[in-house]
Amino acid sequence: MRLDFVKVFRDSTSEMLQQIVGPVDEMDSMSMHAVPLAGRDVTAVIELDGEAQGRVIFDMDSMTAMRIAGRLLDEPPPVMTPIAQSAISELASMIIGHAISVINDQGTHVNMEPPLIGDAELARTEMCFETLTFPVQTLFGEVRVNVMIHDLD
Amino acid sequence: MLEMTQNPASLRAPLTCLIVDDSAFMRFHLKRLMDAFENVVAREAANGDEAVTEYERFKPDIVLMDIVMPGQGGIETVKQICAHDPAARVIMISSLSYQEKVEEALAAGAKCFVAKPVTTEQLRQAIDRVFTASV
C-alpha cells in the first residue's frame, strides 16, 4: 500500500469537496481493511493504472447523494435521476483527477479510467485488497472513501 | 480580441461552441456557464467520435474538450480535429492538470487548458485567450 498516495487522495477529497460542495469536516479516523467498506446506496468506482495500480471507491447513502447532486445542479432531484448520478460520478472524477495530477507532478505516472456509478453491488469483490478507508463529513451527509493503491511490481 | 463583456450581443454573430464531455452533468454545467454569455449557440458531444463528426458539421468558434472519456480520449480527438483544421480553437477542460498532461494537450493542438472545476470567469478568460491567439 502506498500510504503517501493515500494521503494525497485524502487531501484531494477534502479540498475538492470543500471547493465544489461546501465546508467539510475531516474525521480523524482512517482505518485499514482486507476488503473495501462500501455497501451504501450510491457507489462510484474509479480504476487506476500506470506505475501504481488500484481503485478508489466512494459510497454514500442515497439522501446524501441526492443532496450533493442538488447542490451541483442548483436544484434537488426528486430521485436519483441519471443527471444526478452523473453529477456524483463527475464529482468523484474531479477528486481523483486532482489527486492523480499531484501524484504525476511528483514523478509517478498514474492514469485513471472514467468513473463507474451504481449501487453497492459495484464495489463487491471476491478478492481481498488491502484498503484504507476514511469518511468525510459534508453539509449534506457523509462521503466514505476507500483507497487501494500499490506499486506495479 | 473577443471582448465578451463589452460587445453588445446584437452587434456580433452568435458565438458557436461545441461541448465535448462524456459526463452528462459536465455538459449541462458547461452549457449553463456558457449561457451566462450572451448570444451563444452550444452543441454537445458525448465522446471523441461524436466530437469529430459534430466539429465537421457545425464548425464551431470554440470547442470545450474533456480528456478522460471512454473510447477515444480528448487528446486524440483534438489531434483529429486539428489535423483537419489547425486553426480550431480548442479549450481543454480537465481535472487531469499535471504538467505533462497540459503539455500533451497543447502539443496535440489545444490552444488553452483550464483545470476542473471551472468557473464562469476562468471560462471567460480562456475564451478571450483563444480568440486573442487566433488574431
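One can find the structure itself at the top, above this paragraph.
Residues numbered from 1 in each chain as written. Chains lettered and ligands numbered in written order. Predicted model: local features only at pLDDT ≥ 70, side-chain atom pairs only at ≥ 80, totals over all residues. Heavy atoms only, no water.

Digging into the interface of chain B and chain A
Facing 19 residues of chain B, the contacting portion of chain A comprises 24 residues. Across the interface of chain B and chain A, roughly 1,600 Å² is buried in total on both sides, 63% from carbon and sulfur atoms. Taken together, the connections running from chain B to chain A amount to 2 salt bridges. Between Lys116(B) and Glu90(A) there is a salt bridge, with its nearest N and O atoms 2.8 Å apart. Counting the contacts that link chain B with chain A gives 12 residue pairs in polar contact (both at pLDDT 80 or more). (Contact = heavy atoms within 4.5 Å. Buried area = accessible area lost by both parts, 1.4 Å probe. Salt bridge = Lys/Arg side-chain N within 4 Å of Asp/Glu carboxyl O. Polar contact = N/O pair within 3.5 Å; in protein donor to acceptor, adjacent residues only side chain to side chain.)

Focus: the environment of Val118(B)
Residue and element names in this part refer to chain B. If you trace the backbone, valine 118 turns up in the loop between strand 5 (112–115) and helix 5 (120–133). Exposure remark for valine 118: the relative accessible area of 6% places this residue in the buried category. Spatially, the C-alpha atom of valine 118 lies 17 Å from that of glycine 74, the residues being 44 residues apart in sequence. Residues in contact with valine 118, not counting those within four places in the same chain, are His29, Leu30, Leu33, Ile93 and Leu123. (Helix = DSSP H or I, 4+ residues; strand = E, 2+ residues; numbered from the N terminus. Buried < 20%, exposed > 50% of the residue type's maximum accessible area, 1.4 Å probe, protein only.)

Some remarks on the nonpolar core
Counting 90 residues, the largest nonpolar core has Phe9(A), Leu48(A), Ile96(A), Met34(B), Leu64(B) and Met92(B) as its most contacted members. For this core, the leading source of residues is helix 3 (residues 82–105) of chain A, giving 11 residues. The residues contacting Leu64(B), other than those within four sequence positions of it, are Cys17(B), Leu18(B), Ile19(B), Val20(B), Leu30(B), Met34(B), Ile91(B), Ile93(B) and Leu123(B). Core analysis: the second largest hydrophobic core is formed by 5 residues, Ala38(A), Val45(A), Ile57(A) and Ala123(A) among them. (Core = buried A, V, L, I, M, F, W, Y, C linked by side-chain atoms within 4.5 Å.)

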